[in-house]
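The lines below spell out each chain.
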Amino acid sequence: MAEWQQVKEIFGDALEIAPENRASFLDKVCAGDESLRREVESLLSSSENVSDFMEQAAIGKVAEMFDEAENKKQISGRFNHYEIIKQIGAGGMGEVYLAEDTKLDRKVAVKVLNEKFAAHESNIQRFVKEAKAASSLNHPNILVIHEIGESEGAQYIVSEYVEGKTLRQSIKEKTLSFAEILDIAIQIANALAAAHSAHIIHRDIKPENVIIRPDGLAKILDFGLAKLVARKHQSLIGLEDGTLRQNDTAKGIILGTVNYMSPEQAKGEQIDERTDIFSLGAVIYEMIAGRTPFSGNTMSETFANLINAELLPLSRYTANVPGELQRVIAKTLKKNKDERYQTMKDVLADLKNLRENLVPGECPGKLHPPETENATERFWAATSDTNNQAAVTHYSFSQEKSKKRIWLLATPAIFLIGFVMVATGFLFNFSGAKVGNTLSFEQMRQFRLTQSGDVYAPFISPDGKYLAYMKLDGAKRGVRLLQITTGSVLELVPPRPKIQFWSFAFSPDSNYLYYVEYKENDLSVLYRIPSLGGQPQKLADFISGNLTVSPDGNRIAFKRINKQAGFTSIIVVNNDGSNERTIAEIDTDSDYWSLDWSPDGSTIAYAVKRHEPKNDSWYVAEIPAGGGAERRIGEPHNSQIITARWLPDKKGLILNAVDAKTRLPQIYYLSYPDGAERRITNDLNDYTGLSITADGKSIVSQRIEQDRQIWILPDDNPRQAKQLTSKKAQHSNAVSWLTNDTLIFDADENGNYQNHNIWRMKIGEGEPQRLTTGADDNFSPVASPDGSLIAFVSRRSGKRQIWRMNADGTRPTQLTNLDYETYDPQFSPDGQMIYFQRSVGGEERLMRVSVNGGEAVSLSDTGIQSWTISPDGKKLAYVCLDRDTQKFVTRIRPIDEDRTEQTLNIDPDRYLQWSKDGQALYFTLEADEAKNIWRQSLSESKPRQVTAFDKENISSFAFSPDGKNLACLRVTVAFDAVMLKFDE
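Note that the structure is a prediction, hence the values are computed from the model and not measured.

**Considerations on the overall build of the chain**
Assigned secondary structure in the chain consists of 15 helices and 63 strands. Among the 984 residues that make up the chain, the fraction classed as buried is 57%. Across the chain, every contact between residues at least 6 apart in sequence was considered, and the portion connecting residues at least 24 apart equals 50%. As displayed, the chain offers around 39900 Å² of accessible surface, 45% of which is attributable to carbon and sulfur atoms.

**Looking at the packing of aromatic side chains**
Counted by the stated rule, this structure contains ten aromatic pairs. Relative to Tyr515, the ring of Phe501 lies with its centre 5.8 Å away and its plane at 65°, an arrangement referred to as edge-to-face. Taken as a pair, Phe501 in strand S23 (residues 499-506) and Tyr515 in strand S24 (residues 512-519) lie far apart in primary sequence, 14 residues in all. Its relative accessible area of 0% is what places Phe501 among the buried residues. The class for Tyr515 is buried, based on a relative accessible area of 2%.

**With respect to the packing of helix H11 (residues 274-289) against helix H13 (residues 323-332)**
At a minimum axis separation of 8 Å, H11 and H13 run at an interaxial angle of 140°. Compared by their axis directions, H11 and H13 come out oblique. Handedness of the H11/H13 crossing: left-handed. When H11 is examined against H13, the residues Ile277, Phe278, Gly281, Ile284, Tyr285 and Ile288 are found in contact with a partner set consisting of Leu325, Ile329 and Thr332. Partitioning the contact of H11 with H13 into residue classes produces seven nonpolar, two polar and no charged.

**Considerations on the side chain of Gln936**
Inspection of the secondary structure assignment puts Gln936 in strand S60 (residues 930-937). With relative accessibility at 2%, the residue Gln936 sits in the buried group. Here the side chain of Gln936 touches Glu940 through a polar contact of 2.8 Å, landing on its backbone oxygen. Not counting residues up to four positions away in its chain, the partners in contact with Gln936 are Leu904, Ile906, Ala920, Leu921, Phe923, Ser941, Lys942 and Pro943.

**Focus on H11**
Between its first and last C-alpha atoms H11 spans 22 Å; for 16 residues at 1.5 Å apiece the expected length is 22 Å, and the two agree. Immediately downstream of H11, the backbone of Gly290 shows phi near 85°, a positive value.

**Some words on unusual backbone geometry**
In this structure, the amide linkage connecting Tyr672 to the following residue, Pro673, adopts the cis form with an omega of 10°. Residue position: Pro673 is located in the loop between strand S37 (665-671) and strand S38 (677-679). A positive phi is found at Ser594, a non-glycine position, where the angle reads about 55°. Within the secondary structure layout, Ser594 lies in strand S31 (residues 590-597). Positive phi values are uncommon outside glycine, yet Lys650 reaches one of about 60°. Inspection of the secondary structure assignment puts Lys650 in the loop between strand S35 (641-646) and strand S36 (652-658).

**Section: the pairing of strand S3 (residues 94-101)**
Counting buried positions over the eight residues of S3 gives eight, a clear majority of the element. Where S3 and strand S4 (residues 106-113) come together, eight bridges link them in antiparallel fashion. The residue of S4 that forms the bridge with Leu98 is Ala109.

**Describing the pattern of salt bridges**
Per the stated rule, a full pass over the model turns up 30 salt bridges. Between Glu286 and Arg168 there is a salt bridge, with the nearest N and O atoms lying 2.5 Å from each other. Highlighted residues: Glu286 in helix H11 and Arg168 in helix H7 (residues 167-173), separated in sequence by 118 residues. With a relative accessible area of 2%, Glu286 lands in the buried category. Classification of Arg168 as buried rests on a relative accessible area of 1%. Ionic pairing is found between Arg679 and Asp659, a salt bridge with its closest N-O pair at 2.9 Å. Residue Arg679 is found in strand S38, and its partner Asp659 is found in the loop between S36 and S37; the two are separated by 20 residues along the sequence. Note on accessibility: Arg679 and Asp659 belong to one class, buried.

**Some remarks on the sheet that holds strand S42 (residues 735-739)**
The strand order S42-S43-S44-S45 describes an open sheet built from four strands, whose pairing is antiparallel. Across the chains shown, the open sheet's two edge strands, defined by having one partner strand only, are S42 and strand S45 (769-770).

**Points about helix H14 (residues 344-356)**
For H14, spanning 13 residues, the distance from its first C-alpha to its last is 18 Å, which sits close to the expected 18 Å at 1.5 Å a residue. Residues of H14 that are buried include every one of Met344, Val347, Leu348, Leu351, Leu354 and Arg355, and no others. Axial view of H14: buried residues confined to an arc of 125°, hence all on one face. Among the structural elements, helix H8 (178-197), H11, H13 and strand S18 (445-448) are those in contact with the buried residues of H14.

**Some remarks on the environment of Trp593**
Residue placement: Trp593 occurs in strand S31. The partly exposed category is assigned to Trp593, whose relative accessible area is 26%. The spatial distance from the C-alpha of Trp593 to the C-alpha of Val608 is 6.0 Å, given a sequence separation of 15 residues. Once you skip the residues sitting within four places of it in the chain, Trp593 turns out to touch Asn546, Tyr606, Ala607, Lys609, Trp618, Gln640, Ile641 and Ile642.

**Considering the nonpolar core**
Of all hydrophobic cores here, the largest spans 56 residues; its most connected members are Leu167, Ile188, Ile284, Met287, Ile288 and Leu351. Residue assignment for this core shows that the elements contributing at least two residues are H7, H8, strand S9 (210-212), strand S10 (218-220), H11, helix H12 (299-308), H13 and H14. For Leu351, the residues in contact, after removing those within four places along its chain, are Leu182, Ala185, Ile186, Ala189, Ile284 and Val328.

**A closer look at the sheet that holds strand S28 (residues 555-562)**
The strand order S27-S28-S29-S30 describes an open sheet built from four strands, whose pairing is antiparallel. Looking at the sheet topology across the chains shown, the edges are occupied by strand S27 (547-549) and strand S30 (581-587). Averaged over all pairs of adjacent strands, the angle between their axes in this sheet comes to 20°, without regard to strand direction. As paired elements, strand S29 (residues 567-574) and S30 share six bridges and run antiparallel to each other. Considered in S30, the bridge of Thr568 is made with Ile586.

Criteria and cut-off values
- Throughout this description, residue numbers start from 1 for each chain and increase along the sequence as written.
- Since the coordinates come from a predicted model, pLDDT governs what is reported: local features require at least 70, and pairs of side-chain atoms require 80 or more to be given and counted, while whole-chain, interface and lining totals use all residues.
- Calculated side-chain values reflect all of the structure's heavy atoms, with hydrogen atoms and water omitted.
- Numbered from the N terminus, helices here are DSSP runs of H or I no shorter than four residues, and strands are runs of E no shorter than two.
- Exposed residues in this analysis have more than 50% of their type's maximum accessible area, buried residues have under 20%, and partly exposed residues fall in between, with area computed by a 1.4 Å probe over protein chains only.
- Contacts between residues were defined by any pair of non-hydrogen atoms, one from each residue, lying within 4.5 Å.
- For the accessible areas, the method is Shrake-Rupley and the probe is 1.4 Å, while residue cover comes only from the protein chains on display.
- Within 6.5 Å between ring centres, the rings of Phe, Tyr and Trp (the latter by its six-membered ring) count as paired, and their orientation is classed by plane angle as stacked under 30 degrees, edge-to-face over 60, tilted in between.
- Only C-alpha atoms enter the line fits that serve as axes; for helices the fit covers just the stretch in contact. Angles between N-to-C directions range over 0 to 180 degrees.
- Relative orientations are named as follows: roughly parallel for angles under 35 degrees, roughly antiparallel for angles over 145 degrees, roughly perpendicular for angles from 65 to 115 degrees, and oblique for any other angle.
- Less than a right angle of anticlockwise turn of the near helix away from the far helix marks a crossing as left-handed, whereas a clockwise turn marks it as right-handed.
- Note that Gly is not counted as nonpolar here; it falls among the polar residues with everything else outside the nonpolar set of Ala, Val, Leu, Ile, Met, Phe, Trp, Tyr, Cys and Pro and the charged set of Asp, Glu, Lys and Arg.
- Here a polar contact is recorded for every N or O atom pair within 3.5 Å, except that within protein the pair must consist of a potential hydrogen donor and a potential acceptor, and residues adjacent in sequence are included only if both atoms are side-chain atoms.
- Helix span, as expected, comes to 1.5 Å for every residue beyond the first.
- At least two bridges found by DSSP between two strands are what make those strands a pair.
- We define a salt bridge as a side-chain nitrogen of Lys or Arg found within 4 Å of a carboxyl oxygen belonging to Asp or Glu.
- Starting at the helix axis, one direction is taken to each C-beta atom, and the arc is that of these directions.
- Throughout this description, the term nonpolar core refers to a set of buried Ala, Val, Leu, Ile, Met, Phe, Trp, Tyr and Cys residues connected via side-chain atoms within 4.5 Å.

Quick look at the structure:
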């Protein structure tokens, strides 16, 4: 270090001497040491070459940073309430440690600011800004910040501990397929689009700042250079104004990593969201070509290339690149930012379209080995060796160690050394667990089969060649078949309105597809169609659930509900629909779910839902295929079981079941015959449904992603609709008005079901106020007529019950304590009663309870769906099934009499509401490409459309007390197929 200290001191002195006198100065101080003189002269030359781009003060600052990085303070033992396990990363700002959070019993990453870095107030401000910038963004592809604080004089940030590999490591270890490249690019673009919506630009997108988990999920790290740009709207939860001020970059100072900078960033000019677009393009280019698009042999050459050189086509380095992909990359890398993509959402749309039409399995063909990376990059990363012991690896890309140091000092890019948390095996909870005797979960990989967002109920063929699914086409539904190897799509059943296709199964040879068509009159028909297209053949009627095909292909089993007789049956028919016979029956207080024929053909397994007095119970069972006694497999699951599928060796089943704590559907393994249950996935994705290939090596499930935002329509005018919130919320249920200028709503801050709370927000003031706390699942708020009380549903007592609290969130009080769950509270017009809905055994019933609590009273027989109380409190409007026509209709009756006064031929999707004058009903209805709000006058025959959204759905809406404003909750839901694949 003495040699380096000498170089730094001489370089600092030389900067203060006029250039024409520096040679004689160096003759004296470097006499006899040519190596020392060359290093100082090279550093001085670098300083002159970049003088157009940065202030000289920045060079000195960087030198201090590099020196400080060589003298890091090691932390061990206990740090605040974090038990330090080991160091896993290091950088210019500080060190990163793997630690145990002793309060919450979880692994975390603790980033501690270096002492010299912390000596400057501006550095502390940047450290705090990094935490604020990252924590303000709620997105699955962005690192979660848990805490920022100070202990024993040291500043620290605590984040989630992400296990995986950096994108840099992934690029170095293998050639990524085009599918993998696009999956990663789409995830990065998704995260940046969310950041840009919150008016935050990252400014340092590069492979070192992206971690890829074993399940394929990408996480963006290090918002240390993030910049808050001018806000166009008020965010739901934004950053402090001070963040914007402290983040202003001095004119001429370059922040970023040279190989991934945009031209405007390299010039020190004003930047915006388009600089992240350029950096993303550079990353995608590198994933394909093995090198960055404008890299040079020196930093100065790279700067010059960024500004002046033409983009070299990918064909120079790589074969087989689709033309459309080259076009997208070229557009992201336009030097003139006005010619570039203008928004990350536009980039995302093109990437998704590319991914949807991509030929699976194709990889870039390397024409030339990647050129050696140049001296403009240096980073520290924590990696995992074969023994899973974290080791810090130093990557150097220069030919001479001493010369590399000087180039590093000449660029402020050293500021960008972020912290990276790397290990292996996060997705799967039990490392090394075996399925039968051959397959291991620790080798499982996950990747998307589709990216279009309109793939529902995907089902893979036994040979793994085809994926059948219901195509969502606005209000229409159809059946399509994806040929997985080629990527081509066949339309088996054209899209039609008011039709659903929920159940799919292939014949064992994959030549035929069985499916169930559900019509609006509640009739369901089983069909068979050739997998590659043809005329559907009707096999059976009244199918009430999924179906399963015997291993020899000769028989089909399905369930049928007989409400009049009061039981549910398992029916077996021949594969042509003949010889129907019942092999099991269960009363309607219980239900069969997810039938699946065993590989040896001897039994049929299924999930059983039993309605019990205080709770529903779920377990897996089997019955002989010819009929007989039921046998349970293992203990009851702690929540709903959606799907149960046999593995080919019959040594276990794969379950798709809801986790009781997070209430997210995850994937489990249930061994057979002992019934021991183990969890496979452990993440925030929502997996629904399962299908498995005949060899058991591939599992397909459906992943659901949601975003819900509140919109306001002044004066019932669709043309004036404006978005009120912007922070992504995955699980919001309802929006309501507290006063004419204040909304209340429920929202989940963290993208899962564990933090569902009620919020209050005054229009125009931006930041909402949380009224409930904890992870008690509080939702569906509604205000009393005078705005003094809020009724809501909460799980804090164990079941969904009706609660009330003051308008400021104080004095929460439980009003019901029933043995069944409750939903959708609504105040009576005088504010003295609260109406709500309860569900018992799958039947809905309308109830009411005093605002002060007490006994709940039933107001209706079973069969009530959506409902609303009239403004005068005398009438009830509700949706029910007309037994004669078997169609849903809307009826109006006196509140305390079971007597129909009027029937309307409307079937709302949800949220039926009276108009303020009691002369009309508002409701949501799906038509064309979106679900909108409609108004049905009681004196007219046809409804009129109120909102005019051309996409997304409306899941909740409410009029302000004065009737002048309409608030609605718009929902974007994407359905796609994911494959979990494990090898021998």
